Amino acid sequence: EAGVVQSPRYKIIEKKQPVAFWCNPISGHNTLYWYRQNLGQGPELLIRYENEEAVDDSQLPKDRFSAERLKGVDSTLKIQPAELGDSAVYLCASSLYSGGGANTEAFFGQGTRLTVV
Amino acid sequence: GEDVEQSLFLSVREGDSSVINCTYTDSSSTYLYWYKQEPGAGLQLLTYIFSNMDMKQDQRLTVLLNKKDKHLSLRIADTQTGDSAIYFCAEWGASGNTPLVFGKGTRLSVIA
């Protein structure tokens, strides 16, 4: 079974440019997460989807970040315009369900390493 | 809010046991997880424990949970060089409403 697939793996852009990341979760997984991992830190949640609905986006900087999960399958995370401080690894994860109960284990993709110069 | 604390570094000799510790704040956490991250890779789920358990063993991995002290540990028996990685402890916070709060990770270095 394929895992969570993210693209691109690496992206280098100049500040003020837009950038987009794509994620295809594990087939059948209802919940999709975007996390940001700064160097030397643990991942921090940006947004969580239950099917196509964003149920937790309190940590998403909405002035420049946007996300969508049309049809409740794959998802896109966009930054426009990018700032130097956005350099990080952007991780996508999916789980069958959410809530901390059974079958809520999250499986992660390999991430997209963004460098803003 | 939820907070997960880990020591940042651990160094062990090949063949010894490693113990990685974690403390968390949300007493309502139902599941606690250990993830492994190798350089340049995403997070790999290693194991998890349900909060009504004290211990879970999975091959070389043993998870101990002290719910009273909100302390979680991961023991790796017969540590190998391939175990060198960053290990993250994570919890679901606020009765399942706050997904996967991670610690900063413990970097395990295995010396041959």
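Provided above is the structure to which this section pertains.
Reference entry: report on the structure contained in this document. Just so we're clear, the structure is a prediction, and the values are computed from it rather than from any experiment. Along every chain, residues carry numbers that run from 1 in the direction the sequence is written. Chain letters and ligand numbers both follow the written order, the letters beginning at A and the numbers at 1. Confidence filtering applies because this is a predicted model: local features only for residues at pLDDT of at least 70, side-chain atom pairs given and counted only at 80 or more, and all residues used for totals across whole chains, interfaces and linings. Each side-chain value is derived from all of the structure's non-hydrogen atoms; neither hydrogens nor water enter the calculation.

### Section: the overall build of chain B
The condition that has to hold: A helix here means a DSSP run of H or I that spans at least four residues, while a strand means a run of E at least two residues long, and both kinds are numbered starting from the N terminus. Note on classification: 1.4 Å probe, protein chains only; a residue is buried when its accessible area is under 20% of the maximum for its type, exposed when over 50%, partly exposed between these limits. When checking whether two residues touch, look at their non-hydrogen atoms; a contact exists if any pair is within 4.5 Å.
Looking only at helices and strands, chain B has zero helices and 11 strands in total. Traced from its N-terminal end to its C-terminal end, chain B shows the element sequence β-β-β-β-β-β-β-β-β-β-β. The proportion of buried residues among the 112 residues of chain B is 46%. For chain B, the share of sequence-separated contacts (at least 6 apart) that also reach a separation of at least 24 residues comes to 56%.

### Comments concerning unusual backbone geometry
All names here are of chain A. Note the cis peptide between S7 and P8, where omega equals -10°. For P8, the location among the structural elements is in the loop between β1 (5-7) and β2 (10-13). Along the chain, Q80 connects to P81 via a cis peptide bond; the corresponding omega equals -5°. In the Ramachandran plot, N51 falls in the positive-phi region, its phi being about 55° despite a non-glycine side chain. Position of N51 among the secondary structure elements: in the loop between β5 (44-50) and β6 (53-56). Under the relative-accessibility criterion, N51 is labelled partly exposed at 36%. Although it is not a glycine, K71 adopts a positive phi angle of roughly 65°. In this structure, K71 sits in the loop between β7 (65-68) and β8 (75-79).

### Regarding the packing of aromatic side chains
For clarity, the cut-off: Side-chain rings of Phe, Tyr and Trp, where Trp is taken by its six-membered ring, are said to pair if the distance between their centres is within 6.5 Å; with planes under 30 degrees apart they count as stacked, over 60 as edge-to-face, and otherwise as tilted. Charge-over-ring contacts are defined here by two conditions on Lys NZ or Arg CZ: a distance within 6 Å of the ring centre and an angle within 35 degrees of the ring normal.
Per the stated rule, a full pass over the model turns up 14 aromatic pairs over all chains. Ring plane angle 35° and centroid distance 6.1 Å describe the contact between Y33 of chain A and Y35 of chain A, whose orientation is recorded as tilted. Both residues of the pair, Y33 of chain A and Y35 of chain A, count as buried. Ring centres of Y35 of chain B and F102 of chain B lie 5.6 Å apart, and the angle between their planes is 55°; on these two criteria the pair is classed as tilted. Pair noted here: Y35 of chain B is in strand β4 (residues 31-37) and F102 of chain B is in strand β10 (residues 98-102), with a separation of 67 residues, a long-range link. Taking the ring centre of Y48 of chain B as reference, the NZ or CZ of K56 of chain B above it sits at 4.1 Å.

### Details of the pairing of β4 of chain B
In regular strands, side chains alternate between the two faces of the sheet. All names here are of chain B. Heads up, the condition is: Pairing between strands is defined by DSSP: at least two bridges between the two strands are required.
Along β4, seven of the seven residues are buried, which leaves the element largely enclosed by surrounding structure. Where β4 and strand β5 (residues 43-50) come together, seven bridges link them in antiparallel fashion. Along β5, the bridge assignment pairs Y35 with L45. Adjacent in sequence and paired antiparallel, β4 and β5 are bridged by five residues, among which G40 carries a positive phi angle near 75°.

### Focus on the sheet that holds strand β1 (residues 4-6) of chain B
Residues and elements named next belong to chain B. We apply this condition: Throughout, an axis means a line fitted to C-alpha atoms (over the contacting stretch in the case of helices), and angles, computed between N-to-C directions, take values from 0 to 180 degrees.
Overall, antiparallel pairing links the five strands, which are arranged β1-β3-β8-β7-β6 in an open sheet. Looking at strand neighbours, the two that pair on one side only are β1 and β6 (55-58), the edges of this open sheet. Across the sheet, the axes of successive neighbouring strands diverge by a mean angle of 15°, strand direction being ignored. Taken together, the four bridges between β6 and strand β7 (residues 61-66) define a ladder with antiparallel strand orientation. Along β7, the bridge assignment pairs K56 with V63.

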